[in-house]
Amino acid sequence: MKKILLLAVSVFSFIHGHAQALTHEQRLADLGRVWGFLKYFHPAVAGGQYNWDEVLIRKIGQLEKLPDAEAVNAFYTTWLDELGEVKKCRSCSAYTDDDMTTAGLTWLKENPVLNTTLRARLLDVLQNRYHGKPFYLSNKGAGNIEMMNEPKYETMAYPSMEYRLLGLYRYWNVVQYFFPYKKDIGEDWNNLLDEMIIPFRDAGDTLAYQAAIWQLAARINDSHGVGVCAPYVPSCGSPLFGVRMAPLSLQWIEKEAVVVRLSSDSLCRMDDIRAGDIIKKIDGRTPQQIIDANWLYIGGSNERGRYRNNVATLLHGNSPVADVVIERDGKLMEKKIHRYAWEEIKPWMTPSKDGMWKMLEEGVGYIHMGRLKQDSIKQIMNALKDTRAIILDIRNYPQGTAQQLSRYTHPKAVPFVYATVPQIDRPGLFEKSKDFFCGTQNKQPYKGKLILLVNESTQSHAEFSTMLLQTAPAVMTIGNQTAGADGNVSTIVFPGGYSTMMSGLGVYYPDGTPTQRVGVRVDITVTPTLAAVLKGRDEILERALQYIHTEK
């Protein structure tokens, strides 16, 4: 009898200890999961019958007062009771175990805090979910979701703790149910919610809140998600890195930050900064030290793309002048580089003198896809139809011209990609689209070689255009790993008027090969060298010309 009594005391102690060990962070993370789940699934919520933001604000306050796990379960049970009976949905297809894994809904069955009865009620909501027109999102157009009826609370530059958590919950649940590449993030998205509670809850000022948003957006490892815009800062700048910028572009080559382009010749001439200068120090720190400090906040789909994004902000700052050390012709020099607000740089920007196309040499044409316009394609292709090769430079952002261009380069219509589209009536799941086709029946397509140039600047529509043009005959892709962020973007808003984006559609080659994070297929890899860049040489273009001259 004594042994039985001791065992009972031990079990009670274990249960009581577990309840007391339920941390504030765990409670808030579970609240975010349940709130988001009900937002997109519950028949009384998903149609917009409640001000769901206000409900959350109240629930956060109530949750803090609960003494243990038993009280937490009672809290959620009462909440479900308030929402009313969930009627059977005869037209709702069931979520299988595989569906729940794909959708990230296994927490409904496995969460150790929620008791058996509460889990059963949540699973009942899942299987009898809302089946009408969603209030909080749509997927018009290409099919990626568009957030609807989400107040921005723009007057809250530094929102209260409750509204900061609202922003976290919004973002986490949109990614949870509508990000097509969640399995490619590289970590368990469920666990990340628990981790991010602390930076959002404890953000002590506006800058700390912005830092939390940047950190969260970086965690999906999606180059579409780089950057957090604010209503009062043009060009998505942030005091976190500096709202002022230098009128030039840098590229990361062999662990060096090299000036590769001057946005304004006149402004850079005033500071005696030239293309080919190597930036060795900025306000006493090396570029690598700055990158290391910002790495947590400035993400990217792959390492090359992430360095590209980080290097873009190296010379940003909040002060009007940066003290720099540069290397030029092997000599170190101390300089001052002026920083400007975007609206100050824009009037002084040096326009490009290059056109849409040119002849590089006899029989070899060159088209800059970022400048090519729809109404010029016929004229340009007629001018280049007898060349032995055309180089299409896609190290830029094309203007929607690839499909029309394929009418001249392809002999017939061929598939080039398919997409995975979020199912708004089955959140967390995606359906495969039909193949997208390019080209058309053409008895006289272009007969020469087609060379596509790509690098880390080839992103999104540029990658989509590359995939399209790769289906042409006698085509070769030359360059290095692209940004690995394809698919129409969806915007997510946070209290305070902040916003960021994510890839909203999955994009794949017809054989199922992914592009997210890995980039498009590259036939000949060329990694630019520091020595060549300092001499102003374009090694990717040089390799294309070599291929044209030597390959039959």
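Residues numbered from 1 in each chain as written. Predicted model: local features only at pLDDT ≥ 70, side-chain atom pairs only at ≥ 80, totals over all residues. Heavy atoms only, no water.

## A few points about the confidence of the model for the protein
When the pLDDT values of the protein are averaged, the result is 93; 95% of them are 70 or greater. Taken as a whole, residues 1-20 scores under 50 in pLDDT and shows five contacts with residues more than four places along the chain or in a different chain. (pLDDT = per-residue confidence, 0-100. Contact = heavy atoms within 4.5 Å.)

## Brief notes about the sheet that holds strand 9 (residues 364-368)
A sheet is described by the order of its strands in space; here six strands give the open sequence 8-9-10-14-15-19, paired in mixed fashion. Either end of the sheet is taken by a strand with one partner, and the two such strands are strand 8 (357-361) and strand 19 (524-525). Here strand 8 runs beside strand 9; their pairing, made up of four bridges, is antiparallel. Bridged to Trp 357 within strand 9 is Ile 367. (Pairing = 2+ DSSP bridges. Helix = DSSP H or I, 4+ residues; strand = E, 2+ residues; numbered from the N terminus.)

## Some points on unusual backbone geometry
Glycine aside, a negative phi is what most residues show, and trans is what most peptide bonds show. We note that Tyr 153 has phi near 50°; this positive angle belongs to a residue other than glycine. For Tyr 153, the position within the fold is in the loop between strand 2 (146-147) and helix 8 (161-178). Positive phi outside glycine occurs at Asp 272, with the angle close to 55°. Within the fold, Asp 272 resides in the loop between helix 11 (265-270) and strand 5 (278-282).

## Let's talk about helix 15 (residues 377-384)
Since the α-helix advances by 3.6 residues per turn, residues separated by three or four positions end up pointing in the same direction. Every buried residue belonging to helix 15 is among Ile 377, Ile 380, Met 381 and Leu 384, and all of these are buried. Buried residues along helix 15 cover an arc of 95° about the axis, so they all sit on one side. Exposed and facing more than 90 degrees away from the buried side of helix 15 are Lys 378 and Gln 379. Each element contacted by the buried residues of helix 15 is listed here: strand 8, strand 9, strand 10 (389-393) and helix 16 (402-409). (Buried < 20%, exposed > 50% of the residue type's maximum accessible area, 1.4 Å probe, protein only. Arc of directions from axis to C-beta.)

## As for the nonpolar core
Counting 110 residues, the largest nonpolar core has Phe 37, Trp 79, Leu 105, Tyr 169 and Phe 200 as the members making the most contacts within it. When residues in this core are grouped by element, the largest group, 12 residues, is from helix 8. Setting aside residues no more than four positions away along its own chain, Phe 200 makes contact with Arg 164, Leu 165, Leu 168, Tyr 209, Ala 212, Ile 213, Leu 216 and Phe 494. One finds Ala 246, Leu 248, Ile 282 and Ile 290 within the second-largest nonpolar core, a separate group that totals 20 residues. (Core = buried A, V, L, I, M, F, W, Y, C linked by side-chain atoms within 4.5 Å.)

## Observations regarding the packing of aromatic side chains
Tallied over the entire structure, the rule returns 27 aromatic pairs. With centroids separated by 5.0 Å and ring planes inclined at 65°, the aromatic side chains of Phe 75 and Tyr 76 adopt a geometry described as edge-to-face. The buried category is assigned to Phe 75, whose relative accessible area is 9%. Note on Phe 179 and Tyr 181: the rings are 6.0 Å apart at their centroids and 80° apart in plane angle, and the pair reads as edge-to-face. (Phe/Tyr/Trp six-rings, centres within 6.5 Å; stacked < 30°, edge-to-face > 60°.)

## Structural notes on the sheet that holds strand 6 (residues 321-328)
Read from one edge of the open sheet, five strands run 3-4-5-6-7, paired in antiparallel fashion. The outermost strands of the open sheet, each flanked by one partner alone, are strand 3 (248-253) and strand 7 (331-338). Shown here is a sheet whose adjacent strand axes are inclined to one another by a mean of 40°, direction ignored. Both strand 5 and strand 6 contribute to a ladder of four bridges, which runs antiparallel. Considered in strand 6, the bridge of Ile 282 is made with Val 324. Of the strands in this sheet, strand 3, strand 4 (256-262) and strand 5 touch helix 12 (residues 287-294), which is tilted by about 65° from strand 5. (Axes fitted to C-alpha atoms, helices over the stretch in contact; angles between N-to-C directions.)

## What to know about the pairing of strand 6
Residues of strand 6 alternate between two faces, with Ala 322, Val 324, Ile 326 and Arg 328 buried on one and Val 321, Asp 323, Val 325 and Glu 327 left unburied on the opposite face. Relative to strand 7, strand 6 runs antiparallel, the two being bridged by eight bridges. Bridged to Val 324 within strand 7 is Lys 335. Between strand 6 and the antiparallel strand that follows it, strand 7, lie two residues; Asp 329 among them carries a positive phi value of about 55°.

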